[in-house]
Amino acid sequence: YRSKLASCVYNGIENIHIKPGTKVLYLGGASGTTVSHVSDVVGPTGAVYAVEFSPRSGRDLTEMSKRRPNIVPIIEDARYPAKYRMLVPSVDAIFMDVAQ
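Residues numbered from 1 in each chain as written. Predicted model: local features only at pLDDT ≥ 70, side-chain atom pairs only at ≥ 80, totals over all residues. Heavy atoms only, no water.

### Some details on the overall build of the chain
Secondary structure assignment for the chain yields 3 helices and 4 strands. Whereas a compact globule of 100 residues would reach a radius of gyration of roughly 13 Å, the chain reaches 13 Å, a difference of no more than 12%. Counting contacts in the chain only where the partners sit at least 6 residues apart, residues at least 24 apart contribute 56% of the total. Accessible surface for the chain amounts to roughly 6,400 Å². Of this, 56% is attributable to carbon and sulfur atoms. Within the chain, one finds 12 positive and 9 negative side-chain charges whose respective centroids are separated by 4 Å. (Helix = DSSP H or I, 4+ residues; strand = E, 2+ residues; numbered from the N terminus. Rg over C-alpha atoms; globule rule 2.2 N^0.38 Å. Contact = heavy atoms within 4.5 Å. Areas by Shrake-Rupley, 256 points an atom, 1.4 Å probe, with all protein chains shown as cover. Lys, Arg positive; Asp, Glu negative; His and termini not counted. Charge placed at Lys NZ, Arg CZ, Asp CG, Glu CD.)

Here it is in structure tokens:
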């Protein structure tokens, strides 16, 4: 699977804690493919705060988010939350998909 989150759902994880209205901090948003799926799940009353470190992937993420008002792209290093904490309110779930 290309998406760790999709793999979990497909293989039977019972609760991913992401549902309509959920506010999600997504660490490792890359170009936004899985982020867009999470955006679909949380819907217009939810939000996805997608943090991505790579400027190249971040450009793709930012472009994709222009078509999805519930995604907030954040081009920053996920290891340093103090750098982006002012952009992210309290969230209901955190999903981490960062490269090691």
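### What about the nonpolar core?
One finds Ile 18, Val 24, Tyr 26, Val 35, Val 38, Val 42 and Val 48 to be the most contacted residues of the largest nonpolar core, which totals 14 residues. When contributions to this core are tallied by element, the ones reaching two or more residues are β1 (23-27), α2 (33-42), β2 (47-52), α3 (55-65) and β4 (93-96). Among the elements that line this core, the one with the most residues is α2, at 3 residues. In contact with Ile 18, other than residues within four places in its own chain, are Leu 5, Val 24, Val 38, Val 41, Val 42 and Ala 93. Counting residues in each nonpolar core, the second largest holds 9 residues, with Leu 25, Ala 47, Val 51 and Tyr 84 among its members. (Core = buried A, V, L, I, M, F, W, Y, C linked by side-chain atoms within 4.5 Å. Buried < 20%, exposed > 50% of the residue type's maximum accessible area, 1.4 Å probe, protein only.)

### Notes on the packing of aromatic side chains
With the rule as written, the count across this model stands at 1 aromatic pair. Taken together, a centroid distance of 5.1 Å and an interplanar angle of 45 degrees make the contact between Tyr 26 and Phe 95 tilted. Here the residue Tyr 26 occupies a position in strand β1, and Phe 95 occupies one in strand β4, the gap between them amounting to 69 residues. Residue class for Phe 95 comes out buried when judged on its relative accessible area of 15%. Across the ring face of Tyr 80, the terminal group of Lys 83 is positioned such that the distance to the ring centre comes to 5.3 Å. (Phe/Tyr/Trp six-rings, centres within 6.5 Å; stacked < 30°, edge-to-face > 60°. Lys NZ or Arg CZ within 6 Å of the ring centre and 35° of its normal.)

### Here we look at unusual backbone geometry
If you check the backbone angles, His 17 has positive phi at about 60 degrees while not being a glycine. Within the element layout of this structure, His 17 appears in the loop between α1 (4-10) and β1. Despite not being glycine, Ala 30 shows a phi value in the positive range, around 50 degrees. Residue position: Ala 30 is located in the loop between β1 and α2.

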